[in-house]
Amino acid sequence: MNTPLQWTVLQCDGSDAQDFLHRQLTADIGGLADDRCVQAGLCLPDGRLIATPVVCWRNSRLQLIVPSDLAPTVLRRLQMFVLRDDVQCRATTLHCVVMTPDEAPDAGVVRHQHDGTELGLAGDSPRGLRLSSNALPDNAPVDWRTQTIEAGAPMVYAATGEQLLPQSLRMDELGGVSFRKGCYPGQEVIARLHYRGQLKRLLVRARVVAGRCQPGDGIEVDGRGVGLVVEATAQSALAVVHQSALGQTGQTPDGELVLDARALQT
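The sections below set out a description of the structure shown in this document. On a predicted model such as this, the values are computed, not experimentally measured, just so you know.

What follows concerns the nonpolar core. Counting 44 residues, the largest nonpolar core has Leu21, Val55, Leu78 and Leu169 as the members making the most contacts within it. Among residues more than four places away in sequence, those in contact with Val55 are Leu25, Ile29, Leu32, Arg36, Cys37, Val38, Ala40, Leu62, Gln63 and Leu64.

Next up, the structure:
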């Protein structure tokens, strides 16, 4: 059974906070309006994703929503680059829960309510998160994972960190990567792949046909490593695999899955 997902909300405040995050993340944070949100990438210099925080404004401060197992890593990484910027990054006591699909705002839209902030996330189907200063009843943890698989828009967790490029998670297609902005860690590699490269490791849905799978599990086909599980429930999964593995049956350490013959990238 998958471990229930816990969230941490980080806050960046100060006169340079928006410009600072614009220089650290893959998305256009400099142009992020109060009524918009985006799932961005925080990358290593080689383009691999450390985390994929959902970024929004709340009470005139920028908030980054990340899985709790990644929060200390993200906070340390951001603080490394503060230098002389007027920006303070810290963990907050805000609560975050998953919304049901019929409650969620449209993709990229933020609704500021008297009792919380509601965010619509990009993907093939509706998903949403709600932030509040007060504890709110949460939906079953499987809801987030099921919704994420249906949406085809996974997050990076601690188990999958520093292994994937933004394009392999469709972040470029879903608005999480800007190719018009200036430099950020990993920008050169990500831009080169966009303009001159060919993506070989693709995002694909899969059916779990035996055992269990979880994010971070390696996938083998005929004894050859072909990819990585990035999200999973008891019945289904999202995986990033080499294009040659599409349509194949793969083995994980504790399970078996059938990969769709068609990747999610358009």
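Here we take up the side chain of Thr148. By secondary structure assignment, the location of Thr148 is in helix α3 (residues 141-151). A polar side-chain atom of Thr148 sits 2.8 Å from the main-chain carbonyl oxygen of Trp144. When residues no more than four places from it in sequence are discounted, the contact partners of Thr148 are Arg127, Ala153, Pro154, Glu231 and Leu238.

Moving on, we come to the sheet that holds strand β7 (residues 88-91). The sheet built from five strands is open, its strands ordered β2-β5-β6-β1-β7 with antiparallel pairing. In this open sheet, the two strands that pair with only one neighbour each are β2 (38-39) and β7. Along the sheet, helix α1 (residues 17-24) contacts β1 (7-13), β5 (54-58), β6 (61-67) and β7; its crossing angle with β6, the most-contacted strand, is approximately 40°.

Covered by surrounding structure in strand β13 (residues 218-221) are Ile219 and Val221 only, the residues Gly218 and Glu220 on the alternate face being uncovered. Across four bridges, β13 lies against strand β14 (residues 224-232) in antiparallel orientation. Each bridged residue has a counterpart across the sheet, and for Gly218 the counterpart in β14 is Leu228.

For the structure shown, the criterion picks out zero disulfides. No disulfide involves Cys56; its sulfur sits 6.6 Å from that of Cys37, the nearest cysteine. The cysteine Cys96 is free of any disulfide, with Cys56 supplying the nearest cysteine sulfur at 9.0 Å.

In this section: the environment of Thr73. Mapped onto the fold, Thr73 is located in helix α2 (residues 71-80). Judged by its relative accessible area of 27%, Thr73 falls in the partly exposed class. Put simply, Thr73 and Ala51 are 22 residues apart on the chain and 8.7 Å apart in space, counted from C-alpha to C-alpha.

We now examine the sheet that holds strand β10 (residues 116-120). The sheet built from four strands is open, its strands ordered β8-β11-β10-β9 with antiparallel pairing. Each end of this open sheet is capped by a strand with a single partner; those strands are β8 (95-99) and β9 (110-113). Neighbouring strand axes in the sheet, compared pairwise and without regard to direction, differ in orientation by 20° on average. Taken together, the four bridges between β10 and strand β11 (residues 128-132) define a ladder with antiparallel strand orientation. The residue of β11 that forms the bridge with Gly120 is Gly128.

Let's shift gears to α2. Listed in full, the buried residues belonging to α2 are Ala71, Val74, Leu75, Arg77 and Leu78. Down the axis, α2 shows its buried residues gathered within 165° of arc, on one side only. Away from its buried face, by an angle of more than 90 degrees, α2 presents the exposed residues Arg76 and Met80. Tucked inside the fold, the buried residues of α2 contact β1, α1, β3 (42-43), β4 (49-51), β6 and β7.

A word on the pairing of strand β17 (residues 255-259). Of all five residues in β17, four are buried, a share of seventy percent or more. In terms of strand pairing, strand β12 (residues 201-211) meets β17 through five bridges, oriented antiparallel. Pairing of Arg207 across the sheet is with Val258, part of β17. As paired strands, strand β16 (residues 249-252) and β17 are joined by four bridges and run antiparallel to one another. Each residue of the ladder has a partner; that of Thr252, found in β17, is Gly255.

What counts as what
Residues numbered from 1 in each chain as written. Predicted model: local features only at pLDDT ≥ 70, side-chain atom pairs only at ≥ 80, totals over all residues. Heavy atoms only, no water. Core = buried A, V, L, I, M, F, W, Y, C linked by side-chain atoms within 4.5 Å. Buried < 20%, exposed > 50% of the residue type's maximum accessible area, 1.4 Å probe, protein only. Contact = heavy atoms within 4.5 Å. Helix = DSSP H or I, 4+ residues; strand = E, 2+ residues; numbered from the N terminus. Polar contact = N/O pair within 3.5 Å; in protein donor to acceptor, adjacent residues only side chain to side chain. Pairing = 2+ DSSP bridges. Axes fitted to C-alpha atoms, helices over the stretch in contact; angles between N-to-C directions. Disulfide = S-S within 2.5 Å. Arc of directions from axis to C-beta.

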